[in-house]
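Report on the structure
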Amino acid sequence: ETMTTLILGQVLKFHGSPFEAPPEATARHDSRGAVAVDGGRILGHGPVDAMRAAHPGAAEIDHGAGLILPGFVDAHMHYPQTAIIASWGKRLIDWLNGYTFPEEARFGDPAYAAEIAGRTLDLMLANGTTSLASYCTIHPESVDAIFEAGAARGMAVWAGKTCMDRNAPDDLRDTAQSAHDDSAALLARWHGQGRARYVITPRFSPTSTPEQLEALGALWAAHPDCLMQTHLSEQTDELVWVAELYPEARDYLDTYEAHGLLGARGLYGHAIHLTERERARLVEIGAALVHCPTSNTFIGSGLFDPSLFGTHRVGLATDTGGGSSFSMLRTMAAAYEIAQLGGTALHPAQLLWLATEGSARALHAEDEVGTLAAGAAADLVVLDLASTPAIAQRAARAEDLWQAVFPTIMMGDDRAVAQVYVAGQAMK
Ligand code: GUN
Ligand code: ZN
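Residues numbered from 1 in each chain as written. Chains lettered and ligands numbered in written order. Predicted model: local features only at pLDDT ≥ 70, side-chain atom pairs only at ≥ 80, totals over all residues.

Looking at an unreviewed UniProt entry, the protein carries the name Guanine deaminase, with the source organism given as Jannaschia seohaensis.

What about the packing of helix α5 (residues 176-190) against helix α6 (residues 210-222)?
Running from N to C, α5 and α6 cross one another at 25°; their axes reach a closest spacing of 8 Å. Taken together, the axes of α5 and α6 lie roughly parallel to each other. Crossing of α5 against α6: the hand is right-handed. Two secondary-structure elements touch here, α5 through A176, Q177, A179, H180, S183 and A184 and α6 through E211, Q212, A215, L216 and L219. (Axes fitted to C-alpha atoms, helices over the stretch in contact; angles between N-to-C directions. Helix = DSSP H or I, 4+ residues; strand = E, 2+ residues; numbered from the N terminus. Parallel < 35°, antiparallel > 145°, perpendicular 65-115°, else oblique. Left-handed = near helix turned anticlockwise from the far one by under 90°. Contact = placed C-beta atoms within 7 Å.)

Here we look at the site of ligand 1
Ligand 1 sits among H78, L92, L96, T100, R203, F204, H231, E234, S295, D319 and G322. Per-element accounting of the shell around ligand 1 gives the leading share, three residues, to helix α2 (residues 92-104). (Near = placed C-beta within 6 Å.)

Regarding the confidence of the model for the protein
Scored by pLDDT, the protein has a mean of 98; 100% of the residues are at 70 or more. Here the predicted complex scores 0.98 on pTM and 0.99 on ipTM. (pLDDT = per-residue confidence, 0-100.)

Let's talk about the pairing of strand β5 (residues 72-78)
Residues in a regular strand point their side chains to alternate faces of the sheet. Within β5, seven of the seven residues are buried, which leaves the element mostly enclosed by the surrounding structure. Sheet topology note: the β5/strand β6 (residues 129-135) ladder contains five bridges and is parallel. By the bridge assignment, F72 is partnered in β6 with T129. (Buried ≥ 20, exposed ≤ 12 C-beta atoms within 10 Å, placed from the backbone. Pairing = 2+ DSSP bridges.)

Describing the environment of L92
Within the secondary structure, L92 is located in helix α2. On the basis of neighbour counts, which here come to 23 C-beta atoms within 10 Å, the residue L92 falls in the buried class. The sequence separation of L92 and R281 amounts to 189 residues, and the corresponding C-alpha distance is 26 Å. L92 has contacts with E234, Q235, D237, E238, I299 and S301, leaving out every residue within four places of it along the chain.

Remarks on the domain arrangement of the protein
Taken domain by domain, the protein holds domain 1 (5-71 + 371-426) and domain 2 (72-362). Of note, the centres of domain 1 and domain 2, computed from C-alpha atoms alone, are 28 Å apart. Taken residue by residue, the interface counts 30 residues in domain 1 and 30 residues in domain 2. Mapped onto the side of domain 1 that touches domain 2, the elements with two or more residues apiece are β4 (59-70), α15 (401-411) and β15 (417-422). Counting residues per element, the side of domain 1 that touches domain 2 draws most heavily on α15, at six residues. Considered class by class, the residues forming the side of domain 1 that touches domain 2 number 19 nonpolar, seven polar and four charged. (Domains from an automatic or database assignment. Nonpolar A, V, L, I, M, F, W, Y, C, P; charged D, E, K, R; others polar.)

Remarks on the environment of E238
Mapped onto the elements of the fold, E238 is located in helix α7 (residues 236-245). A count of 24 C-beta atoms within 10 Å places E238 in the buried class. Sequence separation between E238 and I93 is 145 residues, and the spatial gap between their C-alpha atoms is 7.4 Å. Ignoring any residue separated from it by four or fewer positions in sequence, one finds E238 in contact with L92, I93 and P206.

Focus on the nonpolar core
With 128 residues, the main nonpolar core has V35, I146, A335 and L380 as its most contacted residues. In terms of residues, this core owes the most to one element, helix α12 (residues 328-341), which gives nine residues. A domain split of this core shows at least three residues from each of domain 1 (5-71 + 371-426) and domain 2 (72-362). Not counting the four nearest positions on each side in its chain, V35 is found in contact with I7, V11, I42, H45, I68, L372 and L380. If you look at the next biggest cluster of nonpolar residues, it comprises five residues, including L92, W95, F298 and I299. (Core = buried A, V, L, I, M, F, W, Y, C linked by C-beta atoms within 7 Å.)

Structure (C-alpha cells):
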C-alpha cells in the first residue's frame, strides 16, 4: 500500500540544458509549489493549488520558503579518502604516495571499509548529495562496503574496484587477470541489485600495465551497459609520466582508447590539460568529462576550461579527498570561481544543473536521478536560502530566484540543507 505525499516549498525544475539555451529559459520556478511523491518515485510537480487538486487527500510536508531541487549527484569521488581529506602540502603523485595509498591499504579490513563507507554517505547526505559515483580500493571488500552502505540508506550508488597493477605499493597491487576476475565477480554480485550500479574502474594509466587496461577493456566490451571511470590529464607531471610509460600512445586519451577504454559510457575525471585531438575525440564519442573544481585548486592541478561545458558532456564532482569538500554547494562555488578565471561567468541555473542533471547525464541516469521529472526516484534536497546571517542579509536584497539562490551557492554549506529525501524518505 502506498500513499501520495506532497512536499511543499519553492520548486525549481529544468526542462533543458542551460548550456544549450538561455539559462533562465530552461528552468521553471514555482514560488509556492509542490512535488508529489509516491512509492519512492516522483509523480509530478507544479503550483501547490494545482497539485492539491490533482492529489486530493495527499499527506503534506511543508518546507515553507525552502527551495526543493533534485538531490545533488556527485559524479566522481573516492570514499576511501574520506578520512584523509584536507591533507596538507602535496601535489598529485606525492599526495597519492604520501597520504592516499597508505590509507587505501586499510580497506582490506571489512570493518574499517564499512565504517568509512557509512561515514561518507552520511556526510554526503548531510550536504544534500543523494547519489554518487565512487572509486573504491583494490580490495573487493571495499566494494561490498559502499554498496551495502548505499542499500542501507536506499541510495543510488555507482562504484567499482579500483584496479592497479604497477606503480603502487605491494599491498595495493592486483594483476591484469585478478583485476579482471575480481571486477567481473563484483559486477555479477552488485550491478543492478536495487540501486547499485557497478563501474569498471582502472585508477589511471600510470598505475595499470597495458595488459591490465586491455583486460578491463574486454570486461567493458562484455558488459557495455556498465559505466567505466578513470582519470585523464589532471596534472602536468602526470602527463609527462604517462608519455614515458606509453611511448606509442598519441596522447593520454589514446592510452585508454588503444585498450578498449574509450566509450560514451566512460567517465573521464579532471580532463584539465587536453590536446585538440583529445577534445575532438571525446565529443565524437560522447564521453563524459567530470569537473572536480575544488580538487583542481587544492592539489594544484590547473583550471578546467569552461568552454568545455558548451561542447562536451560534463558532470560535476567533489573528488573527495583530492577535493577539499563533501559539499556540492562548495563545489559549485569553486566551479564558478574557476570559470571566472577562464573568462566565463556561469549562471546559477548552470551551476545547479551541473550538480544535478548534468552529473546524472554523465552517469547516463538522467531519467532516474538529478531530475524532478515524473517517474524519477524521489531523491530531493531542500535548501534554506537564508541559512546563515551573511547569506540571509544578501538574499534579502534579491530581486529574483537566481539572486536569491546564488549567495547559498557561493557561501552555503551543510547548514543550508534543510532536508534531504532518498526515494521519498526524509533522511534527517
Ligand atoms: N589520479 C589517480 N588517482 C587519483 C586520486 O585518487 N585522486 C585524484 N585527484 N587524482 C588521481
Ligand atoms: Zn579522482
